[in-house]
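Residues per chain are reported as follows:
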Amino acid sequence: MASCCGPRGYERVFNERFARRTANRYRRRGLGRTARRIVELVDYHGVQGASVLEVGGGVGDIQVELLKRGAARATNLELSTAYEPQAEELLAETGMTGRVDRRILDIAADPDQVPPADVVVLHRVVCCYPDYAKLLGAVAGHARRQVVFSHPRRNLVSRTVIGAENVPLRLSGSDFRVFAHPPRAMLEALAEHGFSTPTIVPGLGWQVVSVHRS
């Protein structure tokens, strides 16, 4: 996201090579485990006919899967333009062209430019944003009924790994950073905007959280 990494830092990390590798992995293996859990949580609470907004959706693999399960339409927000060619190819290959609106935009910086949706998804996005309360507040303001997001587990191991990942980024001059935000504080930020009753699906490295509008 822009205020986390800056557009330059974001595009340096999430470049064309990264986008191509991500798309090809999805073509070969489908969604990864954490992404599958996100799709399952959305589907479980009712995806049929729903509108989906995904923040930082990359090549759009999660959106494709939700559309296959009955979502009506999807909007993808990104900062890196490098994803666009691969995303367009995936939409054409899966017959979803015309059902996804892809935009280069930071929802936390320009919330008024984003339409609301029934469900908002953030997969491995909150960890790239230092001001998680601002990001989640903007997201909550656009979700009619459900927010589903993944985040790194916050413990000594994850904080050590993330700290190690940030060292070469800092030395290379990149302004991209990774964060392990406090899980309870993130839930509190969403609760301030009317979202509660969290469902938490733990994982070895990543947790998936689903909250619903009260």
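Before reading on, note that the structure itself is shown above.
Model, not experiment: these values are computed from the prediction.

Inspection of the secondary structure assignment puts A138 in helix 6 (residues 132-140). Since its relative accessible area comes to 10%, A138 is described here as buried. When the C-alpha atoms of A138 and M96 are compared, they prove to be 27 Å apart, with 42 residues separating the residues in sequence. If we ignore the near neighbours within four places in the chain, the residues touching A138 are I107 and A108.

A ring pair, where both rings are aromatic, is described by two values, the distance of the centres and the angle of the planes. Tallied over the entire structure, the rule returns two aromatic pairs. For the ring pair F18 and Y83, a centre distance of 6.4 Å and an interplane angle of 80 degrees mean the geometry is edge-to-face. Highlighted residues: F18 in helix 2 (residues 16-29) and Y83 in the loop between strand 2 (73-78) and helix 5 (84-93), separated in sequence by 65 residues. F18 sits in the partly exposed class, given a relative accessible area of 24%. A relative accessible area of 4% means that Y83 is categorised as buried. Members of the aromatic cluster, joined through ring pairs, are F14, F18 and Y83.

This paragraph deals with the pairing of strand 1 (residues 51-55). Side-chain positions along a regular strand alternate between the two faces of the sheet. Along strand 1, five of the five residues are buried, which leaves the element largely enclosed by surrounding structure. Burial of strand 1 is two-sided: the residues S51, L53 and V55 facing one way and the residues V52 and E54 facing the other way are all buried. Direction of pairing for strand 1 relative to strand 2: parallel, over a ladder of five bridges. If you follow L53 over to strand 2, its bridge partner there is T75. Crossover handedness for the path strand 1 to helix 4 (residues 61-68) to strand 2: right-handed. Here strand 1 runs beside strand 4 (residues 117-122); their pairing, made up of four bridges, is parallel. Paired with V52 across the bridge in strand 4 is V119.

V42, I62, L66 and V121 are the most contacted members of the largest nonpolar core, which has 37 residues in total. Elements with a contribution of two residues or more to this core: helix 2, helix 3 (33-44), helix 4, helix 5, strand 4 and helix 7 (156-171). In this structure, I62 is in contact with L31, A35, I38, V39, E54, V121 and H123, ignoring residues within four places of it in sequence.

Scoring rules and cut-offs
- Per-chain numbering applies: the sequence of each chain, read as written, is numbered from 1 onward.
- In view of the model being predicted, local features appear only for residues whose pLDDT reaches at least 70, and side-chain atom pairs are presented and counted only at 80 or more, with totals across whole chains, interfaces and linings using the full set of residues.
- Hydrogens and water molecules were not included; the side-chain quantities draw on all heavy atoms of the structure.
- The numbering of helices and of strands both runs from the N terminus, where a helix is a DSSP run of H or I of at least 4 residues and a strand a run of E of at least 2.
- Working definition: with a 1.4 Å probe on protein chains only, accessible area under 20% of the residue-type maximum means buried, over 50% means exposed, and in between means partly exposed.
- In this analysis, two residues are considered to be in contact whenever any of their non-hydrogen atoms come within 4.5 Å of each other.
- For Phe, Tyr and Trp, where Trp contributes only its six-membered ring, two rings pair if their centres lie within 6.5 Å, and the inter-plane angle classes them as stacked under 30 degrees, edge-to-face over 60, or tilted in between.
- Pairs of strands are assigned from DSSP output, requiring at least two bridges between the strands.
- For a crossover, the right-handed case is the one in which the path from the first strand over the helix to the second runs clockwise, viewed with the strands pointing away from the viewer.
- The nonpolar core is taken to be a set of buried Ala, Val, Leu, Ile, Met, Phe, Trp, Tyr and Cys residues, with the residues joined through side-chain atoms within 4.5 Å.

Purely geometric numbers; function is a separate question.
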